[in-house]
Structure formats: structure tokens, C-alpha cells
Amino acid sequence: MEYVALLRGINVGGKNKVVMSELREQIAAEGFINVRTYINSGNLLFEAGADAPRDNVAQVVEDLLARRYDFPIRLALLTVQDYLAELHSLPDWWHGEVARRDALFYTRGLDRSHVRERIEAMELGDEAVHFGEHAVFWGKFDEKNFLRTAYHKRLLREDFYRQVTIRSGSTVEKIAAMLSQG
């Protein structure tokens, strides 16, 4: 089974440094194969045995991160099928003329209904939100109005903010392309 692991809070502003080449080696040493990374922000692709349950795979990765790094690293773990299904179910606006697109992936243990409730309570500006199974997809339509969006004004203040791992639309699509290439 192939997985996409998205790590939260590493290599941001020079803090919480995780060297991707070392992380690839560490993941491979746990028995995972075909380990790949994309850019320096914690995007991992790897394969586990077909009979390994996702929760077990996630636990192995979380345990590794806890042993190797002295700061907390939250994990979103999706099967390739789940990842690609999310992208296939996106609304048309995601693929249209959007100034900024971001996906807020839920990390393990996050109360997804709470996230949805908090975001639905926000007064959206020139933006749109789509709640997927594994992420919230957020589009901002006008760059000039970005500073007035709920995304900019409210998201950082939310209690769940440190429990989502955010990827730009271009990163989301690059990972999908890597998965398609195998």
C-alpha cells in the first residue's frame, strides 16, 4: 500500500529542522520502501506492506518522529487512493482563476467536526471553502483582497491551527503528479 505522509511544523523559518535525506533514510530503516520526498516541508511518499493497517503505519511513523526529533511533529497520513480521491472531488473553483489555493490537511487525532464548525462560523471574504474527507480546501480569489479574507484574518487564531498541516495548491498537485508517475 502506498502512502502520503504530510508533516506539520518542520523547517519553517529555520526552526524544527528535519533534513529530508535523513528522514528518507529513517523511514526506509523502518521497513518502508520506495521512500520519496518533495521539497523541504515534510512531504513523504512511501510504500508499506499490503497487509499493514494504516493506523499501524501511522504509529510507526509517529514513533520514529518522536524518537528522532526533540519537538512535536504532527502527521497527516493518507493512502494514495484517499489522496487522489480528494483531488477528484474538488469543486470547479479549485481549478479556475484563483489567486491562492491551500489545503489544510487534518492531522491524526484532530476533531474534524470542530474544524468545520469553526470555519463555517467565519464570515468569508472573497474566498471559498470545500470540506473534504481529509482536508479543507480554501481558495482566495483576489490577491488585492487577501488581507481581508477570513483565511488571513482568522485562521492563525483558531485553536485547531497547530493541528492542520497546510500545503499550497501547487504542492498538492505536484504530489499528485508524483503519485501518478509511481
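Residues numbered from 1 in each chain as written. Predicted model: local features only at pLDDT ≥ 70, side-chain atom pairs only at ≥ 80, totals over all residues. Heavy atoms only, no water.

**Topic: the domain arrangement of the protein**
So the rule is basically this: What marks off one domain from the next here is an automatic or database domain assignment. Working rule for contacts: check all heavy atoms of both residues, and any pair within 4.5 Å makes them a contact. A simple way to read buried area is as the amount of 1.4 Å-probe accessible surface that goes missing from two parts once joined, with both sides added. Throughout this description, the term salt bridge denotes a Lys or Arg side-chain nitrogen within 4 Å of a carboxyl oxygen of Asp or Glu.
Segmentation of the protein into domains returns domain 1 (2-82) and domain 2 (88-168). In this structure, domain 1 and domain 2 have C-alpha centres spaced 23 Å apart. Listed per partner, the contact involves 16 residues of domain 1 and 13 residues of domain 2. For the pairing of domain 1 and domain 2, the buried interface totals around 1,200 Å² over both sides, and the portion due to carbon and sulfur atoms is 47%. Among the residues domain 1 hides against domain 2, the three largest losses belong to Leu-6, Arg-8 and Arg-74. Together they make up 50% of the total. At the junction of domain 1 with domain 2, the criterion picks out two salt bridges. Between Asp-55 and Arg-108 there is a salt bridge, and its shortest N-O distance comes to 3.5 Å.

**So, the layout of surface pockets**
What counts, and what does not: Within this scheme a cavity is a closed region of a 1 Å grid, computed over the protein atoms alone, that accommodates a 1.4 Å probe without allowing it to escape, whereas a pocket is open but has protein on both sides within 12 Å along at least five of seven lines; lining residues each have an atom within 4 Å of a point. Grid points are joined across faces, edges and corners, and a volume is the space filled by probe spheres set on the points. Strands here mean DSSP runs of E at least two residues long; helices mean DSSP runs of H or I at least four residues long; both are numbered from the N terminus. Residue type decides the class: Asp, Glu, Lys and Arg count as charged, Ala, Val, Leu, Ile, Met, Phe, Trp, Tyr, Cys and Pro as nonpolar, and the leftover types, Gly among them, as polar.
Size it by volume and the largest pocket reaches roughly 460 Å³. In terms of lining, the largest pocket is formed by 20 residues, of which the most central are Arg-8, Gly-9, Val-12, Tyr-161 and Ile-166. Elements that contribute at least two residues to the lining of the largest pocket include exactly β1 (2-8), α5 (150-153) and β8 (164-168). Ranked by residue count, the leading element in the lining of the largest pocket is β8, at five residues. Considered class by class, the residues forming the lining of the largest pocket number eleven nonpolar, six polar and three charged. If you count residues domain by domain, the lining of the largest pocket takes at least three from each of domain 1 (2-82) and domain 2 (88-168).

**A look at the sheet that holds strand β5 (residues 100-106)**
Under the convention used in this document: We treat two strands as partners when DSSP finds at least two bridges between them. Angles here are taken between N-to-C directions and fall from 0 to 180 degrees, while the axes themselves are lines fitted to C-alpha atoms, restricted in helices to the stretch in contact.
Pairing is antiparallel in the open sheet, where four strands are placed in the order β6-β7-β5-β8. Across the chains shown, the open sheet's two edge strands, defined by having one partner strand only, are β6 (127-131) and β8. Between one strand axis and the next, the sheet turns through 20° on average, direction left out of account. The pairing of β5 with strand β7 (residues 135-140) spans six bridges and is antiparallel.

**What about helix α6 (residues 169-181)?**
Owing to its 3.6 residues per turn, the α-helix aligns residues three or four sequence positions apart on the same side. The cut-off we apply is this: Every helix has an expected span of 1.5 Å times one less than the residues it contains. Only protein chains enter the accessibility calculation, which uses a 1.4 Å probe; a residue is then buried when its area is under 20% of its type maximum, exposed when over 50%, and partly exposed in between.
Here α6 is 13 residues long and its end C-alpha atoms lie 19 Å apart, about the 18 Å a rise of 1.5 Å per residue gives. Within α6, the full set of buried residues consists of Gly-169, Thr-171, Val-172, Ile-175, Ala-176, Met-178 and Leu-179. Check the buried side of α6 and you find it contacts β1, β2 (33-38), β3 (43-47), α3 (80-88), β5 and β8.

**Quick look at the packing of α3 against α6**
Threshold: Between 65 and 115 degrees an angle is taken as roughly perpendicular, under 35 as roughly parallel, over 145 as roughly antiparallel, and anywhere else as oblique. When the near helix sits turned anticlockwise from the far one by under a right angle, the crossing is termed left-handed; a clockwise turn instead gives a right-handed crossing.
Running from amino to carboxyl end, α3 crosses α6 at an angle of 130°, the nearest separation of the two axes being 11 Å. Judged by the angle between their axes, α3 and α6 are oblique. In the crossing of α3 with α6, the sense of the turn from one axis to the other is left-handed. Note on element contacts: α6 touches α3 through Thr-171, Val-172, Ile-175, Ala-176 and Leu-179, opposite Val-80, Tyr-83, Leu-84 and Leu-87. Here the residues of the contact of α3 with α6 sort into eight nonpolar, one polar and no charged.

**A word on the packing of helix α1 (residues 20-29) against helix α2 (residues 54-68)**
The interhelical angle for the contact between α1 and α2, taken along N-to-C directions, is 125°, at an axis separation of 11 Å. Viewed along their axes, α1 and α2 adopt a mutual orientation that is oblique. With respect to the hand of their crossing, α1 and α2 are arranged in right-handed fashion. Residues Leu-23, Gln-26 and Ile-27 of α1 touch α2, and the partners they reach there are Val-61, Leu-64, Leu-65 and Arg-68. Taken together, the residues that form the contact of α1 with α2 break down as five nonpolar, one polar and one charged.

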